[in-house]
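Spelled out from the first residue to the last, the chains are:
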Amino acid sequence: MSLVIRGALLPEGKRDVRIDDGQFVAIAPSLDSCPGEEVLPAEGLALLPSFANGHTHAAMTLLRGYADDMELHSWLSTKIWPFEAHLTEEDVYWGTKLACLEMIATGTTFFVDMYWHARATVRAAVEMGLRAAVCGAFFDFGDAARAAAMRRQVEELYSQSRADPAQVRFVVGAHAIYSVSAASLQWLSDFARDRGLILHLHLSETQKEVEDCLRAHGERPVIYLDRLGVLGPHVVVAHGVWFDPRERETLARHGVGVVHNPVSNLKLASGAMDYVALRQAGVRVGLGTDGCASSNNLDMREAMKTASLLAKLVARDPCALPAAEALALATRETAALYGLEMGEIAVGRPADCILVDLDSPSMVPAHNLVSNWVYSGGQVRFTLCGGRILMRDGVVEGAAEIRAQARRCVARLCELAQCTR
Ligand SMILES: [Zn+2]
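Values in this document were obtained by computation on a predicted structure and should not be read as measured data.

1. Focus: the overall build of the chain
Then comes step 1: In terms of helices and strands, the chain carries 15 helices and 17 strands.
Then comes step 2: In summary, the chain has a C-alpha radius of gyration of 21 Å against a globular reference of 22 Å for 421 residues, a match within 12%.
Then comes step 3: If you line up the chain on its principal axes, its C-alpha atoms span 65 × 50 × 45 Å.
Then comes step 4: Evaluated residue by residue, the chain yields a buried proportion of 50% over its 421 residues.
Then comes step 5: Taking the intrachain contacts of the chain between residues at least 6 apart in sequence as the baseline, contacts between residues at least 24 apart amount to 72%.

Shown next as structure tokens:
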């Protein structure tokens with residue numbers, strides 16, 4: 001069914017926009033509506049591309065605020081992993097639904113997920129109408145039996161994914177170089193490359209990771225992966241805080257994508273990724289939030305603004321990562337790392353977009369729409385994914401049940417993990 005968004009403000013002025021079969025098919029100062037077509041009056045609303053979240057762990061919404069203000073490795077081993085040990089598929093399903101609810105409310109229509117019970121993540125994303133690229137969590141800690149079991153799980157998830165709707169794609173996940181053996185990293189990379197899939201892993205998140213890699217392998221993380229033959233245009237890594245110039249050049253040469261997670265990196269004091277240096281080296285870059293255990297929310301607008309501010313600080317240059325580039329980074333460039341064409345309000349592109357309230361105090365005055373959206377922000381009123389309205393005037397169907405079920409899951413998990421609160 002087709003839809004006309006009437007009178008929305010775009011950076012180039014007021015426009016009518018027709019959506020048909022999931023795509024933008026016409027954009028003009030004025031369009032006549034056809035009989036039977038839905039008309040969405042959008043006077044007082046800005047039409048902007050929706051976000052792509054290039055790295056998260058959606059169900060970790062259940063750990064939002066559970067353990068803050070701790071060092072990464074003790075945070076993981078004393079708080080996060082013990083809590084996660086009790087997670088069931090049902091918990092991941094409701095945690096992901098809560099994440100989808102938050103993403104829809106804040107204007108994200110595509111997310112990349114790495115977590116346990118990946119099939120529950122797929123089910124939740126499909127039901128909520130979002131696009132997702134989903135991988136399981138692969139850890140073997142050098143244990144051969146565990147590696148064999150995890151490889152079987154990858155094969156199984158891949159074969160199950162063959163029947164999924166087109167809005168979901170399967171990604172091969174590896175947790176990190178310190179939790180996955182060299183042999184498994186090679187196996188996962190070959191598995192992905194042979195099937196035209198993306199391999200996604202955390203890389204160079206902390207200085208400790210680099211030091212441990214130097215101690216264990218005598219080389220830095222990117223050089224280690226290059227020697228293993230793992231790198232290529234099918235690889236997208238998350239974080240990339242601690243690359244040196246040789247590593248940046250190696251990533252660019254192999255066409256590897258890097259997803260920047262500025263809020264998580266700042267909160268865990270992991271470090272400040274050098275965005276400008278990565279770009280100047282020719283590396284493809286995207287943006288993500290990381291999971292709610294570390295970033296506390298899934299708000300890509302916050303990630304976008306933070307990325308811009310951090311890039312300016314690191315480069316000591318207020319011109320670094322300007323507003324329009326930050327918006328492109330958070331939308332089409334992140335989507336492109338995973339082979340999606342969304343992220344642009346243009347004829348022939350997927351109709352993934354948001355309508356933002358121009359009466360939000362922070363959107364007034366309207367000197368520059370993109371600047372307001374990136375640096376100031378406003379209330380998202382409508383979110384559309386592939387032309388389907390997922391949030392209508394601030395309302396997402398089923399929101400109350402999702403909140404109630406997520407609270408129920410957390411109460412049970414807390415009892416099992418013996419939370420103190
Ligand atoms: Zn992560």
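2. A short note on the domain arrangement of the chain
Then comes step 1: Under the domain assignment used here, the chain contains domain 1 (3-47 + 355-393) and domain 2 (51-337).
Then comes step 2: Using C-alpha coordinates to define each centre, domain 1 is positioned 30 Å away from domain 2.
Then comes step 3: When contributions to the side of domain 1 that touches domain 2 are tallied by element, the ones reaching two or more residues are α14 (369-376), β16 (380-385) and β17 (388-391).
Then comes step 4: Counting residues per element, the side of domain 1 that touches domain 2 draws most heavily on α14, at five residues.
Then comes step 5: Taken together, the residues of the side of domain 1 that touches domain 2 break down into eight nonpolar, four polar and one charged.

3. A few points about the sheet that holds strand β14 (residues 284-287)
Then comes step 1: Reading across the sheet, the five strands line up as β10-β11-β12-β13-β14 and stay open at both edges, with parallel pairing between neighbours. For this open sheet the edge positions go to β10 (172-174) and β14, each flanked by a neighbour on one side alone. Looking at each pair of strands side by side, their axes are set apart by 25° on average, direction ignored.
Then comes step 2: Taken together, the four bridges between strand β13 (residues 257-260) and β14 define a ladder with parallel strand orientation.

4. A closer look at the nonpolar core
A general feature of soluble globular proteins is that nonpolar side chains tend to end up buried together.
Then comes step 1: One finds A46, L47 and A307 to be the most contacted residues of the largest nonpolar core, which totals 130 residues.
Then comes step 2: Here this core spans two domains, since at least three of its residues come from each of domain 1 (3-47 + 355-393) and domain 2 (51-337).
Then comes step 3: In this structure A307 touches H260, P262, Y275, L287, L321, A326 and L329, once residues within four positions along its chain are discounted.

5. Digging into helix α6 (residues 207-217)
Then comes step 1: Looking at α6, one finds that the buried residues are E209, V210 and C213. Take α6 and look down its axis: the buried residues cluster within an arc of 100°, on one side only. Of the exposed residues in α6, those oriented more than 90 degrees away from the buried face are Q207, E211 and R215.
Then comes step 2: The inward-facing, buried residues of α6 abut α7 (221-228).
Then comes step 3: Phi turns positive, to about 75°, at G218, one or two residues after α6.

6. Observations regarding the sheet that holds strand β9 (residues 168-170)
Then comes step 1: Taking strand neighbours across the sheet as the criterion, the four strands line up as β6-β7-β8-β9 in an open arrangement whose pairing is parallel. Strands with a single pairing partner mark the edges of an open sheet, and in this sheet they are β6 (51-56) and β9. The sheet shows a mean angle of 15° between the axes of neighbouring strands, direction not considered.
Then comes step 2: Strand direction decides the pairing type here: strand β7 (residues 108-115) and strand β8 (residues 131-136), joined by six bridges, are parallel. Bridge pairing links F110 to R131 in β8.
Then comes step 3: In the packing of helix α13 (residues 323-337) onto the sheet, the strands contacted are β6 and β7, and the crossing angle to β6 comes to about 50°.

7. Comments concerning the packing of helix α2 (residues 89-105) against helix α3 (residues 118-128)
Then comes step 1: Between α2 and α3, the shortest axis-to-axis distance is 8 Å and the interhelical angle comes to 35°. Pair α2 / α3 crosses with right-handed handedness. Counted together, E89, V92, Y93, T96, K97, C100 and I104 of α2 and A120, T121, R123, A124, A125 and M128 of α3 form the full contact between these two elements.
Then comes step 2: Residue composition of the contact of α2 with α3, by class: eight nonpolar, two polar and three charged.

What counts, and at which threshold
- Residues numbered from 1 in each chain as written.
- Predicted model: local features only at pLDDT ≥ 70, side-chain atom pairs only at ≥ 80, totals over all residues.
- Helix = DSSP H or I, 4+ residues; strand = E, 2+ residues; numbered from the N terminus.
- Rg over C-alpha atoms; globule rule 2.2 N^0.38 Å.
- Buried ≥ 20, exposed ≤ 12 C-beta atoms within 10 Å, placed from the backbone.
- Contact = placed C-beta atoms within 7 Å.
- Domains from an automatic or database assignment.
- Nonpolar A, V, L, I, M, F, W, Y, C, P; charged D, E, K, R; others polar.
- Pairing = 2+ DSSP bridges.
- Axes fitted to C-alpha atoms, helices over the stretch in contact; angles between N-to-C directions.
- Core = buried A, V, L, I, M, F, W, Y, C linked by C-beta atoms within 7 Å.
- Arc of directions from axis to C-beta.
- Left-handed = near helix turned anticlockwise from the far one by under 90°.

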